Each structure stands twice: as C-alpha cells, then as structure tokens.
Amino acid sequence: MLIPPPLSLYVHLPWCVRKCPYCDFNSHEQRGALPFDAYVDALLADLDQDLPLVWGRTVHSVFFGGGTPSLFPADAIDRLLQGASSRLRFAPGAEITLETNPGTAEHGRFEDYRRAGVNRISFGIQSFDDGCLHRLGRIHDSAQALAAIALAREAGFDNVNLDLMYALPGQTLAMAEDDIARAIALAPAHISHYQLTLEPNTVYAARPPQNLPDEDLAWDMQERCQARLAEAGYAQYEISAYARPGRQCAHNLNYWRFGDYLGIGAGAHGKLTLGSEQAIARRWKHKHPTAWLATAGTPASIGGDERIAEARRPFEYMLNALRLVEGFTLHDFEACTGLPPSAIAAPLQAAFDAGWLHDDGARIVPTALGHRFANDVVSLFLED
Ligand SMILES: C[S@@+](CC[C@H](N)C(=O)[O-])C[C@H]1O[C@@H](n2cnc3c(N)ncnc32)[C@H](O)[C@@H]1O
Ligand code: SF4
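Nothing here was measured: the structure is a model prediction, and the numbers come from that model.

**Brief notes about the site of ligand 2**
Stage number 1. Near ligand 2 the following residues occur: Cys-16, Arg-18, Lys-19, Cys-20, Tyr-22, Cys-23, Ser-27, Gly-67, Thr-68, Asn-101 and Arg-138.
Stage number 2. Of the residues contributing to the shell around ligand 2, the split by class is 4 nonpolar, 4 polar and 3 charged.

Here's what the structure looks like:
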C-alpha cells in the first residue's frame, strides 16, 4: 500500500545574469528589469492550483532553485514564503535553501534573506581557480566567492553549501585537489562535488572545450577529492553530496528517498503520492518564463500531468534510492511504490549476483562497483 512520504516544496526562479555554456537547467539570460512582483504573484497562483493535491499535509523543506534565485530581492522571497506558509503547514525548523551565485551577492541582502526565513545558502562556486572560472564563463572570480561566503556568515548563516565542479577544461589532478582543499578550509556544512558533464543542447555540447580531462583522470579526481573530504569529516551520502554530521540536505534527501514534492514556477516538476487514489502523480509546468507567467494558476500553465504506471515505479524508485550511500529497505520500497518486494525479486538477485548491491541484513546498499556502474544497476529495474 502507498503511504504518502514527507512533502517538500520546490520553487523555480528561472533567470541568470548570463547563461553558462555548460548549463542545461531551465535558466534564461536576464534582459532588462525582472518582473519580481508579477513572478511572486504567479508562484502563489500556481501553488493555489496545486493545493488540492496536498490538502492537510506538512511541508518539511523548501528549495529556491534556478536559475539564480539570489537575483530576487529579499522582500520577494519574504512575500512568497509568507504566502506559502499561510496556505500550507510548515514543519517547525523546516530547511529553507536559497541558491546563490557569488556574482550576485550584494551587501545587506543576506540579513534580509535570513529575516525572510531562509536558513540555508547554497553557493555556486564551481572552482576557486580564476582561469577555470573564466573558461566556464562564470560571472564571478574567486575573490568574489570568498567575499560572498564571508557576508553570508556575518549575516548568521551557519548552514552553507558550496557547489564545486571537477573535470573542468584544463584542470589537472592537483588543481582539482586544490579546489577541494580550499573549500574544506572554509569549513562549510556541506559540499556538493559534481563532475562536469556535456549536456545536450548546450554551447559545450555543440563546441566541446579543449583540454577536457579524460574519464580515467576524472575518476582519479573523484577518488582523491572524496578521500580528502572524508579525512576532513565530510561523509559522502550521495554520489555528489558530502556533509558534516547532521548536515545532509533534507530537501535533496527527500528526492532521493522518493519523497513527494510540489514544484511551482516555470518548468518546475512535482511528484505526489495520492493516497486516496493509490496513485503516484507527476505534474510539470510550462518551461518558458513568459509563457508560464501569462498562464500561471490556470490549467494552461500545466505542461503535463501523468500517473507513474506500476510497472515503471521500481525503476523510478531505484533511479533515486541507489544514488544514496544508505541505499534502501524493502519496507521503504513497499511504502513508496505500493508494490510488494516480490515485484523486484529477480532484478535484485541479478544485482546481488553481479556484486553491485549488498544486503547487510538491515538495508540494501550499493557496493563500490555498484556506484561505478550505477546506470547498469538501475536499468535492471526497467520494465520489460
Ligand atoms: C542550478 S545550478 C544553481 C547555482 C547557480 N545557478 C550558480 O550556478 O551559481 C546548480 C549546480 O549544478 C551544477 N551544474 C550545473 N551544470 C552542470 C553540468 N553541466 N555538469 C555538472 N554540474 C553542473 C553547478 O555546480 C551548479 O552550481
Ligand atoms: S548561473 Fe547557474 S543556473 Fe545560471 S546558467 Fe550558470 S550554472 Fe546555469
């Protein structure tokens, strides 16, 4: 039987100062003044439209993602949070994250974000090497990154994440290690460490940059940085996520545990368990900010509504759960998919036989080999 898991709220803010050449997120270069007030009104109308899907449920985390949410003034974030918390119950101490580009951090704003209720800042640092930052087309340099982190700290933020990327054009193993060492020296609560990927429909995919590290070098970078992070007390809990004890990102953990989330804003995706129907719904909104703004709160803003077929649920569950170092339990699987463990008995056995998964008696966890061949493991669970 399907049991509704914890609920999160994702808010998409789709503009950036400049589009980075490697980025395939739904982000759009800012042209002229941004319609902050109209966008917040539209977000609240969007939320109103989705509310009947989550009546009576409590929100455990909020994530402002982008794009570059830090382009939005604190009073816009405040109005959205006030509007959302008057429509939905927020759990006490709910984690509220705002993604921030260090190139947009202006003095004074962090205090105001905090006053609005934001309690976690995630910085898109990418690298501390100015040559790498320049090649990535970033709008900030390392001095701005350090200044922005210091400002957030001064404003009282102690729950800070730094996003770094590795396998960058022209990057050596020593440079990747240096980036991680510099991040660790700043003692953030959390570090996300992503391998740069060439995503379709980006400038990098059309014109791949010179001097990209090969797969072996990228693997060495991952292993060395992971070891450095472990030595410094940052435990890996997901393929790209490392945290000090108790500082895992609650919002992302909920995604990976196949939790529920509302998604509001241009192109935002939601996934919701409908207990009464014993169904799992996905809903997404139109991608383009202008088209979405013009229709928000009406059915015309909905890009699609779908029910996840029973046969596909094991794959979707594993796509998330197998990213986690903690793996999953058969009880979690049953509650989140509504399917009995027998539904995955055959692929599970195949994964054990291949040495990709291990049953430690309490949980089923990916082995080191399973992490390396994550795509193969997950595809075992695809419907026939
Ligand atoms: C939506 S961005 C949010 C942060 C903010 N927009 C910024 O870039 O400063 C989230 C993170 O995804 C990572 N990312 C974006 N594109 C990537 C790619 N092609 N490969 C690997 N990581 C990527 C970056 O580390 C980025 O900080
Ligand atoms: S700032 Fe972030 S979201 Fe915007 S284009 Fe660059 S990587 Fe993408």
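**Digging into the packing of helix α2 (residues 74–87) against helix α3 (residues 109–116)**
A pair of packed helices can be characterised by two numbers: the angle between their axes and the separation between those axes.
Stage number 1. Two elements in contact, α2 and α3, have axes separated by 9 Å at closest approach and are oriented at 5 degrees. Classified by the angle between their axes, α2 and α3 sit roughly parallel to one another. On α3, the residues touching Ala-74, Ile-77, Asp-78 and Leu-81 of α2 are Asp-112, Tyr-113 and Ala-116.
Stage number 2. A breakdown of the residues in the contact of α2 with α3 according to their chemical character gives 5 nonpolar, no polar and 2 charged.

**Quick notes on the pattern of salt bridges**
Stage number 1. Counted by the stated rule, this structure contains 21 salt bridges.
Stage number 2. Put simply, Asp-41 and Arg-79 hold a salt bridge, and the shortest N to O gap is 2.9 Å. Of this pair, Asp-41 sits in helix α1 (residues 36–50) while Arg-79 sits in helix α2, and the two are 38 residues apart along the sequence.
Stage number 3. Residues Arg-282 and Glu-316 are paired through a salt bridge, measuring 2.3 Å at the closest nitrogen-oxygen approach.

**What about the environment of Thr-97?**
Stage number 1. Looking at the element boundaries, Thr-97 is found in strand β5 (residues 89–100).
Stage number 2. Aside from chain neighbours lying at most four places away, what touches Thr-97 is Val-62, Phe-63, Phe-64, Arg-120 and Ser-122.

**Here we look at the pairing of strand β7 (residues 160–166)**
Stage number 1. Judged by how many residues are buried, β7 sits mostly within the fold: 7 of 7 residues are covered.
Stage number 2. Where strand β6 (residues 120–126) meets β7, 5 bridges bridge the pair, whose relative direction is parallel. Paired with Ser-122 across the two strands is Asn-161, which belongs to β7.
Stage number 3. Relative to strand β8 (residues 190–195), β7 runs parallel, the two being bridged by 6 bridges. For Leu-162, the partnering residue across the bridge sits in β8 and is Ile-191.
Stage number 4. Taken together, β7, helix α6 (residues 173–185) and β8 constitute a β-α-β crossover, and its handedness is right-handed.

**Brief notes about the site of ligand 1**
Stage number 1. The immediate surroundings of ligand 1 are formed by 17 residues, with Tyr-22, Gly-67, Gln-126, Arg-138 and Asp-163 found nearest.
Stage number 2. One of the side-chain N or O atoms of Gln-126 is found 2.7 Å from an oxygen atom in ligand 1.
Stage number 3. Interatomic distance of 2.6 Å between a side-chain N/O atom of Arg-138 and an oxygen atom of ligand 1.
Stage number 4. Mapped onto the shell around ligand 1, the elements with two or more residues apiece are β6, β7 and β8.
Stage number 5. Residues that form the shell around ligand 1 fall into these classes: 5 nonpolar, 8 polar and 4 charged.

**Considerations on unusual backbone geometry**
Stage number 1. Between Gly-66 and Gly-67 the backbone carries a cis peptide bond, its omega angle lying at 15 degrees.
Stage number 2. Relative to the assigned elements, Gly-67 resides in the loop between β4 (58–66) and α2.
Stage number 3. Of note in this structure, Asn-211 is not a glycine but carries a positive phi near 60 degrees.
Stage number 4. Along the polypeptide, Asn-211 turns up in the loop between α7 (203–206) and α8 (215–231).
Stage number 5. The backbone of Phe-258 sits at a positive phi, close to 65 degrees, despite the residue not being glycine.

**Let's talk about the domain arrangement of the protein**
Stage number 1. Taken domain by domain, the protein holds domain 1 (7–254) and domain 2 (311–379).
Stage number 2. Here the C-alpha centroids of domain 1 and domain 2 sit 28 Å apart.
Stage number 3. In this complex, domain 1 contributes 7 residues to the contact, which on the side of domain 2 involves 5 residues.
Stage number 4. Summed over both partners, the interface of domain 1 with domain 2 comes to about 660 Å²; 60% of that surface belongs to carbon and sulfur atoms.
Stage number 5. On the domain 1 side of the contact with domain 2, Trp-219, Glu-238 and Ile-239 bury the most area, a combined 63% of that side's loss.
Stage number 6. Between domain 1 and domain 2 we count 1 salt bridge in total.
Stage number 7. Note that Glu-238 and Arg-323 form a salt bridge whose closest N and O atoms lie 2.5 Å from each other.
Stage number 8. Summed over the shared surface of domain 1 and domain 2, the number is 3 residue pairs in polar contact (both at pLDDT 80 or more).
Stage number 9. The element contributing the most residues to the side of domain 1 that touches domain 2 is strand β9 (residues 235–238), with 3 residues.
Stage number 10. Considering only residue class, the side of domain 1 that touches domain 2 consists of 4 nonpolar, 2 polar and 1 charged.

About the thresholds
Residues numbered from 1 in each chain as written. Chains lettered and ligands numbered in written order. Predicted model: local features only at pLDDT ≥ 70, side-chain atom pairs only at ≥ 80, totals over all residues. Heavy atoms only, no water. Near = heavy atom within 4 Å. Nonpolar A, V, L, I, M, F, W, Y, C, P; charged D, E, K, R; others polar. Axes fitted to C-alpha atoms, helices over the stretch in contact; angles between N-to-C directions. Helix = DSSP H or I, 4+ residues; strand = E, 2+ residues; numbered from the N terminus. Parallel < 35°, antiparallel > 145°, perpendicular 65-115°, else oblique. Contact = heavy atoms within 4.5 Å. Salt bridge = Lys/Arg side-chain N within 4 Å of Asp/Glu carboxyl O. Buried < 20%, exposed > 50% of the residue type's maximum accessible area, 1.4 Å probe, protein only. Pairing = 2+ DSSP bridges. Right-handed = clockwise from strand over helix to strand, strands pointing away. Polar contact = N/O pair within 3.5 Å; in protein donor to acceptor, adjacent residues only side chain to side chain. Domains from an automatic or database assignment. Buried area = accessible area lost by both parts, 1.4 Å probe.

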